[in-house]
Amino acid sequence: EPVRRVLLLGEGNFSFAASLCGAAGIHVVATCYESEEEVSGRGRAAESIRRLRERGAEVVFSVDCTKLKDYFLPEQREFDCIYFNFPHCGRKTGVVKNRELLAHFFHSSAEVLTEEGEVHVALCNGQGGTPADQPRREWHNSWQVVAVAAGAGFILSNVHPFKADTIHGYKCTGYRSQDKSFCVEGALNHIFTRSMPLLYFKPMICKIELESREVSFQVPQVLVDKINRGFLELNSNHPVRTVKEKLTAELSQAFPLQNIDYCFSLLHQSHLSGVCHSNIFWIILSPEETPRTEEISNGLANAILFSQVDFCRDTDKNGWVNVQEGCHISKHFYLRPSLLPYAQAILQRGAFLPGILHVLSGPVFRKCRITPYSMPVFHEVVFVCAVNMGTENSCIQMLVNNIKTSIHSLHQTVSSVKLSINLQEATSFETTELNDFAAFESQLSKIQYFICMETATSDSCDKGTCVGIIRTAHYKLASSEFVVVFASLNLDLLAMLICGISDWRMLWTSDTRFLRQFPRGELRLFKSFSLYPPSYVHDVSFWVPDGEQFDEVAFHTIARRVSGETVVSIQLIDSFQQPVTGRKSLCYRLTFQSCDKALSRQEVAEVQLLFRKE
């Protein structure tokens, strides 16, 4: 194995470095800020330095941790691990100065650390300002280590107690720049790793085949990194695919099963009765226009987005879209919000065999408000079975029982946390109790039952999180009347609840550390690689244009697009209406936080300015 290069900074008496030196497979470079003459007078320092040199370690003096690349040749700047134990500006300096020291240190470390390297920062109890500190200081009185590290592109990937008494020969020193020890009880070692950079995609036009002709369109910006990710493809190890495969395998034991492998179009055109158009991603097709070659992608992998149809239409007070006559756009399409119309279309063509459970799956797209379980895109699986009239209830019960068995089996392999799955009549739910998935499904057609799931750690209403719905309809197949049972499941929500993934955005991360936790598609309890990510709060207020109905979903969609899905909460905190003119203003509070990437205060401030303009 290659030797790991370890850099130690701010060594007081080199006792920590001496304890590491001699371990197999590492080369130690131990440094301190003071000169050799200053350090040698400290207790046990000379002995530790001698031992380090005897064992082949490098000892370097007068090293400024904020300018690390100045002390090493380019070929020596690749360190696998950097340790900085109990950094401090010296004497009685306050938290602001120490934050600045850490900020410069992290930027400097980024210049000499390998891509997969780690930065270890040990801090006294309470200094870090994370929930791991017990007791936890007030944020403004801490060193805000995670937010400071984010400014240099680092995320906190682990934190554990700094157990000084287990480190052979270690003695802390440097209290107020003196050769005195200080209290390290409750100290924590914070382990930082590099974050994937925040990605901003440029608009790109895509070509697809639609109704036997080639058309081009722009994909909505909020979906640029989510279209054509291939989570359900055969070579995928993504937990969403594993959940789908386990579900269908279980159901195949109880039903003759047939997968519908048609390539369903991403675009839909026929009218969706009852669906509020604010929840739809509208797409404009222009067959007459030929985009420049360099703007066309071969598929949808790199596609990005577009805005709502802001011209050629108006919106009534209920948010319904009225397409204006004489518009120069040839046709109005939208990204499919459900697979249900495709199942219904196949039924109407008579392609379904009674008694067989047919399976359709794929990503669907819906505009929605920003909440923890609201997803603008998710993977849906639809199970469809035509049965004789009068037997639909037994079919529903068998279907639900097998779905329950499958989910329980999956969950038990992952966690010992109690899981409950319930079939609830749709009439037992108030509209306010429905999550966005269930609320949208209710617009499509009448629902008989909701499939709700709850774990002891999930944050949901008393009835659990709705992960699926069941509806029935009467169809005439082969000259006979049948009742068709439709069961639709949100695979993304299922994967989150089974694997303990608290943030839907993590399912779409490009960071390889996510999929590494699910080798060969094996489901496991997810462990976040970005702990205690910093959050930032900004307010925005504005006048609502006279005579216009404010579209809150569109407002949330702008926040998603501009921030690259780093807005996690939008709350209306105030509204005002002028008594004379009747003009109305709204004030919203936005909370920014990334679940997988470093997000700095400066980056958020820039996004907030852009959001105001949009």
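See above for the structure.
Keep in mind it's a predicted model, so treat the numbers as computed, not measured.

A. Expanded view of the sheet that holds strand β7 (residues 188-194). Judged by pairing direction, the sheet is mixed, and its 7 strands sit side by side in the order β3-β2-β1-β4-β5-β7-β6 without closing on themselves. Edge positions in the open sheet fall to β3 (58-60) and β6 (154-161), since each of these has one partner strand only. Neighbour-to-neighbour, the strand axes of this sheet turn through a mean angle of 20°, independent of strand direction. With 6 bridges connecting them, strand β5 (residues 113-123) and β7 associate as antiparallel partners. Among the inter-strand pairings, V121 is bridged to a residue of β7, identified as H190. Packing of helix α4 (residues 95-110) onto the sheet brings it into contact with β1 (4-9), β4 (79-85), β5, β6 and β7, and relative to β5 it is tilted by some 155°.

B. The arrangement of the side chain of H556 in detail. Locating H556 in the fold gives a position in helix α12 (residues 552-563). The exposure class assigned to H556 is buried, which follows from its relative accessible area of 3%. Apart from the residues within four sequence positions on either side, H556 is in contact with C368, R369, I370 and I570.

C. Inspection of the side chain of T557 at higher detail. Summarising the element assignment, T557 is placed in helix α12. The exposure class assigned to T557 is buried, which follows from its relative accessible area of 11%.

D. Quick look at the pattern of salt bridges. On inspection of all chains with the given rule, the structure shows 17 salt bridges. Taking the shortest distance from any N to any O, the salt bridge between R50 and E54 comes out at 2.9 Å. A residue pair is termed a helical-turn pair when its members lie 3 or 4 positions apart in one helix, as R50 and E54 do in helix α3 (residues 45-54) at 4 residues. Among the residues examined, E54 registers a relative accessible area of 57% and is labelled exposed. Across the pair R366 and E441 runs a salt bridge whose closest N-O atoms are separated by 2.5 Å. On the criterion of sequence distance, the pair formed by R366 in the loop between β17 (357-365) and β18 (377-388) and E441 in helix α9 (residues 436-444) is long-range, its members being 75 residues apart. Note on accessibility: R366 and E441 belong to one class, buried. Here the residues in one salt-bridge network are R366, E441 and R471, joined through shared partners.

E. Highlighting unusual backbone geometry. At the junction of Q134 and P135, the peptide bond is cis and its omega measures out at 0° in the coordinates. With phi around 50°, F86 is a residue other than glycine that occupies positive phi space. Turning to its location among the elements, F86 is positioned in the loop between β4 and α4.

F. Examining helix α10 (residues 491-499) more closely. Within α10, 9 of the 9 residues are buried, leaving the element largely enclosed by the surrounding structure. Residues of α10 that are buried: L491, D492, L493, L494, A495, M496, L497, I498 and C499. Contact partners of the buried residues in α10: α6 (239-251), β18, α8 (392-414), β20 (449-455), β21 (465-477) and β22 (480-490). Near the N-terminus of α10, the side chain that reaches the backbone nitrogen of D492, with its oxygen 3.1 Å away, is that of N490. Just downstream of α10 lies G500, where phi reads positive at about 70°.

G. Looking closely at the pairing of β1. Sheet topology places β1 next to strand β2 (residues 26-31); 5 bridges connect them, and they run parallel. From the neighbouring strand, R5 faces β2, where its bridge partner is H27. Read as a crossover between parallel neighbours, the route from β1 over helix α1 (residues 15-20) to β2 is right-handed. The sheet contact formed by β1 and β4 spans 4 bridges and is parallel. Its bridge partner being in β4, V6 is matched across the sheet by C81.

H. Inspection of the sheet that holds β22 at higher detail. Pairing is mixed in the open sheet, where 7 strands are placed in the order β10-β17-β18-β22-β21-β20-β19. Since the sheet does not close on itself, it has two edges, and those belong to β10 (257-259) and β19 (419-425), each with one partner. Sheet twist, expressed as the mean angle between neighbouring strand axes with direction ignored, is 25°. Where β18 meets β22, 9 bridges bridge the pair, whose relative direction is antiparallel.

I. Quick peek at the packing of α6 against α10. Put simply, α6 and α10 touch, their axes get as near as 9 Å, and they point 100° apart. Of the possible angle classes, the one that applies to α6 and α10 is roughly perpendicular. Residue-level inspection shows P239, V240, V243, K244 and L247 of α6 in contact with α10, the latter providing L491, D492, L494, A495, I498 and C499. Looking at the contact of α6 with α10 residue by residue, the class counts come to 9 nonpolar, no polar and 2 charged.

What counts and how
- Residues numbered from 1 in each chain as written.
- Predicted model: local features only at pLDDT ≥ 70, side-chain atom pairs only at ≥ 80, totals over all residues.
- Heavy atoms only, no water.
- Pairing = 2+ DSSP bridges.
- Helix = DSSP H or I, 4+ residues; strand = E, 2+ residues; numbered from the N terminus.
- Axes fitted to C-alpha atoms, helices over the stretch in contact; angles between N-to-C directions.
- Contact = heavy atoms within 4.5 Å.
- Buried < 20%, exposed > 50% of the residue type's maximum accessible area, 1.4 Å probe, protein only.
- Salt bridge = Lys/Arg side-chain N within 4 Å of Asp/Glu carboxyl O.
- Polar contact = N/O pair within 3.5 Å; in protein donor to acceptor, adjacent residues only side chain to side chain.
- Right-handed = clockwise from strand over helix to strand, strands pointing away.
- Parallel < 35°, antiparallel > 145°, perpendicular 65-115°, else oblique.
- Nonpolar A, V, L, I, M, F, W, Y, C, P; charged D, E, K, R; others polar.

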